[in-house]
Amino acid sequence: MSVQDYLDKHMLSRKIEDAVNAAVRAKTLDPVLFISNHMKKAVSSVITKVKARQILDSRGIPTVEVDLYTNKGMFRASAPSGAPIGMYEAVELRDGDKGTYLGNGVTKAIRNVNEKISEALIGMDPIHQSQIDHAMIGLDKTEKKGELGANAILAVSMAACKAGAAEKEVPLYKHIADLSGQSNLFLPVPAFTVISGGKHAGNALAAQEIMILPIGATKFEDALQMGSETYHHLKAVITEKYGAHECNVGEDGGLAPNISSIREGLDLVKEAIGRTGYNEKIKIAIDVAATDFCIGAKYDLDFKSPNKLGQNFKSGKDMIEMYKELCNDYPVVSIEDPFDKEDWEHTRSFSGLGICQVVGDDLLMSNSKRIERAKLESTCNALVLKIDNQHVGIVEKEIPMNNFVNQIGTLTEAIEVAKLAKNANWGVVISHRSGETEDSFLADLSVGLATSQIKAGAPCRGERLAKYNQLLRIEEELGDQAVYAGEDWRQS
């Protein structure tokens, strides 16, 4: 084939002429670079390669990282992971070989990405997120994504979303907003973990997290400053009261002094807030994670102290009274999982008091049937949205009953769960996992879905700050259009 025949076959002469004319009109100082970029834009992007590798998360446990390639570049994402919560959990594929990473290796999931998922997605347009996600769901064919692994599917879904944003030449959060039909964007109020307990820390505190919400800030930048200053004042308070050796941290960066009661932790946080001078601008939230210490119909607040087991049992009614007192004595505005995941009665009774936001995480597990039940019974008024291996059970009108999507293993499913919660006028809390990576996807997701609340851990540790720092960049990029949720932190 001659050069002229090749040019004619691919209509290159006209395309090059168009690019040159565009460069002339733009009066560019670097015509070669301009023409190169112009030509690249003229080509529709498709997925050309998907490659996965095993990396370590913030706990030193293997997870899946994916590089997804298009003709516009390479886009990387990594899957977070957390502790299992029971029968509604999807399957995060692990190798099970106790001789390697204590059985936590993910080479099987890696192989599924490199061999099966890659082959299925090559040639697809990254803009069409739903098609990509449903292609992976269809390829897996199991109820809980156990064939390919929820960790494999999620990492690919996130990477594809980043590629789609690049193809559209818009920020990631804007692409997510387009996918979800969200027009009003705002920066979420961060729920900074300042004290860790429960299964996330080695102290005696039963509750999993005590968090602060800077709702009185006027912009996210100020909220981050408030969180950081409070955290460091809290560290000083703990050092003064218990000694520097009590300034250990939990898995998500929260300080973990060896305290045994929620009230003791709240006293420390209240004193730290007082030292900052922000006072009324900062409120408090608690993630109780009560399922972890529910024994039968009782709650053992000393479950982490073997020598005290059974000495501090509380009934559901006792717990309600305790929460009422805490909300009265401290600026507590949100309590997550105040009861066992199957204790609908007491969760509903407490929520009905209307004294604070009642958030369902283990209670709902992002399962559509449980969400519908909670809506009908007014069991809670907010939902924790995690993008990982949590069971969902979304129902889409266009999809037959035998094709239910059963977990948040893709971005498409996360969007549907967020819509489900918002339609109930619930708050939506975008949440991190105990096993996080440096991926900042969560920050763009919170802005794109306009969730108004995000919990990404303490204002320290790189994998947590990756999310908060990305929110700083987004706020800067939005400029005058940036709106911080602030006092409207409950809006959905």
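Structural data are supplied above this passage.
Cut-offs and rules
- Residues numbered from 1 in each chain as written.
- Predicted model: local features only at pLDDT ≥ 70, side-chain atom pairs only at ≥ 80, totals over all residues.
- Heavy atoms only, no water.
- Helix = DSSP H or I, 4+ residues; strand = E, 2+ residues; numbered from the N terminus.
- Polar contact = N/O pair within 3.5 Å; in protein donor to acceptor, adjacent residues only side chain to side chain.
- Contact = heavy atoms within 4.5 Å.
- Salt bridge = Lys/Arg side-chain N within 4 Å of Asp/Glu carboxyl O.
- Buried < 20%, exposed > 50% of the residue type's maximum accessible area, 1.4 Å probe, protein only.
- Pairing = 2+ DSSP bridges.
- Axes fitted to C-alpha atoms, helices over the stretch in contact; angles between N-to-C directions.
- Right-handed = clockwise from strand over helix to strand, strands pointing away.

Asker: How do you make sense of the environment of E119 when you look at a structure like this?
Answerer: Locating E119 in the fold gives a position in helix α4 (residues 107-121). Along the chain, E119 and S13 lie 106 residues apart, while their C-alpha atoms are 34 Å from each other.

Asker: Just to check I follow, could you spell out the side chain of T70 for this structure?
Answerer: With respect to the helices and strands, the residue T70 is situated in strand β2 (residues 62-70). Here S45 takes part through its side chain, which lies 3.1 Å from a polar atom of the side chain of T70. One polar contact links the side chain of T70 to the main-chain amide nitrogen of K72, over a distance of 2.9 Å. Not counting residues up to four positions away in its chain, the partners in contact with T70 are S45, V46, I47, T48, F75, P126 and A163.

Asker: Any chance you could explain the pattern of salt bridges here in plain terms?
Answerer: Oppositely charged side chains are able to pair whenever their charged atoms sit close together. Summed over all chains, the structure comprises 33 salt bridges. Salt-bridge contacts for D67 lead to R76; the nearest nitrogen and oxygen are separated by 2.7 Å. On the accessibility criterion, R76 (39% relative accessible area) is partly exposed. A salt bridge links K455 to E209, with the shortest nitrogen-to-oxygen separation between them at 3.0 Å. Taken together, the residues K455 in strand β16 (residues 452-457) and E209 in strand β5 (residues 209-213) connect sequence positions 246 residues apart. Relative accessible area serves as the criterion here: at 3%, K455 is assigned to the buried category. Among the charged side chains, a salt-bridge network with shared partners connects R53, E65, D67 and R76.

Asker: I tried to follow the sheet that holds strand β15 (residues 427-431) on my own but got confused; where do I start?
Answerer: Within a sheet, adjacent strands bond to each other through the backbone by hydrogen bonds, running parallel or antiparallel. Ordered in space as β4-β5-β6-β10-β11-β12-β15-β16, the 8 strands form a closed barrel in which the pairing is mixed. Each strand axis lies, on average, 30° off the axis of its neighbour in the sheet, ignoring direction. Relative to β5, strand β4 (residues 189-196) is paired through 4 bridges, and the arrangement is antiparallel. Bridge pairing links F192 to I212 in β5. Most of the contacts of helix α15 (residues 462-478) go to β16, to which it runs at about 145°, and overall it touches β4 and β16.

Asker: Would you mind showing me how to read the pairing of strand β12 (residues 382-386) here?
Answerer: Side chains on a regular strand alternate between the two faces of the sheet. Buried residues dominate β12, accounting for 5 of its 5 residues. Burial along β12 is two-sided: the residues A382, V384 and K386 and L383 and L385 are all buried. The parallel pair strand β11 (residues 357-360) and β12 is bridged by helix α12 (residues 368-377), and the resulting crossover is right-handed. Here β12 runs beside β15; their pairing, made up of 5 bridges, is parallel. Its bridge partner being in β15, V384 is matched across the sheet by V429.

Asker: I tried to follow the sheet that holds strand β3 (residues 73-78) on my own but got confused; where do I start?
Answerer: Read from one edge of the open sheet, 3 strands run β1-β2-β3, paired in antiparallel fashion. Looking at the sheet topology across the chains shown, the edges are occupied by β1 (47-56) and β3. Neighbour to neighbour, the strand axes of the sheet diverge by 20° on average, direction disregarded. Across 9 bridges, the pairing between β1 and β2 is antiparallel. Its bridge partner lying in β2, Q54 is registered against V64. Here helix α6 (residues 150-168) sits on the sheet and contacts β1, β2 and β3; the angle it forms with β2, its principal contact strand, is near 35°.

Asker: What is the right way to read the environment of G103 from this model?
Answerer: Inspection of the secondary structure assignment puts G103 in the loop between β3 and α4. Taking relative accessible area as the criterion, G103 reaches 7% and is therefore assigned buried. With 42 residues separating them in the primary sequence, G103 and I61 have C-alpha atoms 9.9 Å apart. If we ignore the near neighbours within four places in the chain, the residues touching G103 are R94, D95, G96, D97 and K98.

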